[in-house]
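Remarks on the overall topology
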Amino acid sequence: MTSLPRVAPRVAKLTVLSLGVALLATACGGSPAPSSSGSSSAAAAGIACPAPSATGGGTSAAGEAGTVPASATTTPTPLKIGSLLPTTGSLAFLGPPEIAGVNLGIKEVNDAGGVLGKPVEVIHRDSGDTKTDIATQSTTALLGQGVSAIVGAASSGVSKTVINQITGAGVVQFSPANTSPDFTAWDDKGLYWRTAPSDVLQGKVLGNYMATCGAQTVGMIVLNDAYGTGLAKNVQAAFEAAGGKVVAQELFNEGDSQFSSQVDKVLAAKPDAIALITFDQAKSIVPLMTGKGVKPTQIFMVDGNMSDYSKDFQAGTLKGAQGTIPGTFAKEDFKKKLLAIDPALKDYSYSGESYDAVNLIALAAEAAKSTKGTDIAAQLKAVSEGGEKCNTFPSCVTLLRNGKDIDYDGQSGPVTFSDAGDPTEAYIGIYEYQDDNTYKPVKEEFGKL
């Protein structure tokens, strides 16, 4: 196999994080920026979010190539991809759509003849959460089976426990859902990549959105880990830049089961809106808040807890609550393909990002003419930018095998990587809960990092 030069060290991974984002404060219309004075009580909050606007986003119908030409280079070592995604723990609800996205990507790659003349193999392992050592055990097992890349973990906290183990072995770690800004400057030897944008972007969207909904004061209940505190910092910065004030922020730790103290302290500050930056702890926190008079329209959630609560709460409990999930809305044709993989799917969070991770790994291996992790990493940025646009493995690999440069745009939206392995542009979807405690898309906002 051809050995390509290593990617340059990521010395200055994010020299700028200037968001070229018009975002909600200007794009949505609605209320002018709020003043810094708070309202007298949560019940009196004037929350009235802007009406939905037309949305646009990622690829709707994927353009297929005709007959995919055979690879001129064949590999003696088939590409082997592991997944490290949650089937247990506080993010287990994210596992099914992510795993379905991986499996759909693998199916389409293999239906097109595989990578470098061989079918791609996939091995799935549970990531658990930070309360357990499952991720380390699963990573050890995956590395022992000779994977070149690992898709996962979903949790930023979990990824921090295994990133050095994975990248230290010369294997690509490609997360579809890590959003902590900490990974941008991680010493990962050029081997860590992600299709989910940094929480600098999600935080900016959510903070601005609460302001455009008329909130002048916000309280936050925050998971005390890399994901929670990082996202909270960016939400607060955006909300206060829009003229609002964060009047309370209460932390809790992974594994906690009692949240009355945090809820009581936040409600005592009488915020107009409450941001829940949690994982599945929202199942316990939401009833505590609504039981004390908080209206669901005052509740704003995030990707860590945007889930189907139809079996957890009484009808109407969350009606009007809203939240953000990085990535564009899943399009209907993509949903149908995912349901063919897993008919039990109820939501599609990070399915597009997982699907795109598989396609990008496979295309980078083709571009590198190698299934070695370091060679794949050296081509990931190149296949994401600057060439002829394509959006499926068959169409993209056809271009590559015909000697063309490609620019892969996927189901999660445009994918263009920075030198740090971060998406430089992305969509953030805004969703609203219905009477049955499931959510529907409202609008999506595009931003650049």
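Residues numbered from 1 in each chain as written. Predicted model: local features only at pLDDT ≥ 70, side-chain atom pairs only at ≥ 80, totals over all residues. Heavy atoms only, no water.

Moving on to the packing of helix H2 (residues 95–111) against helix H9 (residues 332–341). Where H2 contacts H9, the axes come no closer than 9 Å and their chain directions differ by 95 degrees. As summarised for this structure, H2 and H9 are arranged roughly perpendicular, according to the angle between their axes. Residues Ala100, Gly101, Asn103, Leu104, Lys107 and Glu108 of H2 pack against Phe334, Lys337, Leu338 and Ile341 of H9. In terms of residue class, the contact of H2 with H9 is made up of 5 nonpolar, 2 polar and 3 charged. (Axes fitted to C-alpha atoms, helices over the stretch in contact; angles between N-to-C directions. Helix = DSSP H or I, 4+ residues; strand = E, 2+ residues; numbered from the N terminus. Parallel < 35°, antiparallel > 145°, perpendicular 65-115°, else oblique. Contact = heavy atoms within 4.5 Å. Nonpolar A, V, L, I, M, F, W, Y, C, P; charged D, E, K, R; others polar.)

The next point concerns the sheet that holds strand E13 (residues 413–414). Overall, mixed pairing links the 3 strands, which are arranged E11-E12-E13 in an open sheet. One side of each edge strand has no neighbouring strand; the edge strands of this open sheet are strand E11 (388–390) and E13. (Pairing = 2+ DSSP bridges.)

Quick look at the state of the cysteines now. Here, disulfide denotes a covalent bond that connects the sulfur atoms of two cysteines. Scanning the model with the defined rule gives 2 disulfides in all. Between the sulfur atoms of Cys49 and its disulfide mate Cys213 the distance is 2.0 Å. Between Cys49 and Cys213 the sulfur-sulfur dihedral comes to about 110 degrees; the bridge is accordingly right-handed. One end of the pair, Cys49, is in the loop between helix H1 (23–27) and strand E1 (80–85); the other, Cys213, is in the loop between helix H5 (199–212) and strand E6 (217–223), and 164 residues separate them in sequence. For Cys213, a relative accessible area of 1% corresponds to the buried category. Covalent S-S linkage joins Cys390 and Cys396, the inter-sulfur distance amounting to 2.1 Å. Linking Cys390 and Cys396, the disulfide has an S-S dihedral of approximately 110 degrees and is accordingly described as right-handed. (Disulfide = S-S within 2.5 Å. Buried < 20%, exposed > 50% of the residue type's maximum accessible area, 1.4 Å probe, protein only.)

Attention shifts here to H2. Turn by turn, an α-helix covers 3.6 residues, leaving residues three or four places apart pointing in a common direction. If you check H2, its first and last C-alpha atoms are 24 Å apart, about what 17 residues at 1.5 Å a residue would give, namely 24 Å. Counting buried residues along H2, 12 of its 17 residues qualify, which places the element largely inside the surrounding structure. Of the residues making up H2, those classed as buried are Gly95, Pro97, Glu98, Ile99, Ala100, Gly101, Val102, Leu104, Gly105, Ile106, Glu108 and Val109. Buried residues belonging to H2 abut E1, strand E2 (121–126), strand E3 (149–152), H9, helix H10 (351–368) and helix H12 (393–401). Phi turns positive, to about 105 degrees, at Gly113, one or two residues after H2. (Expected span 1.5 Å × (residues − 1).)

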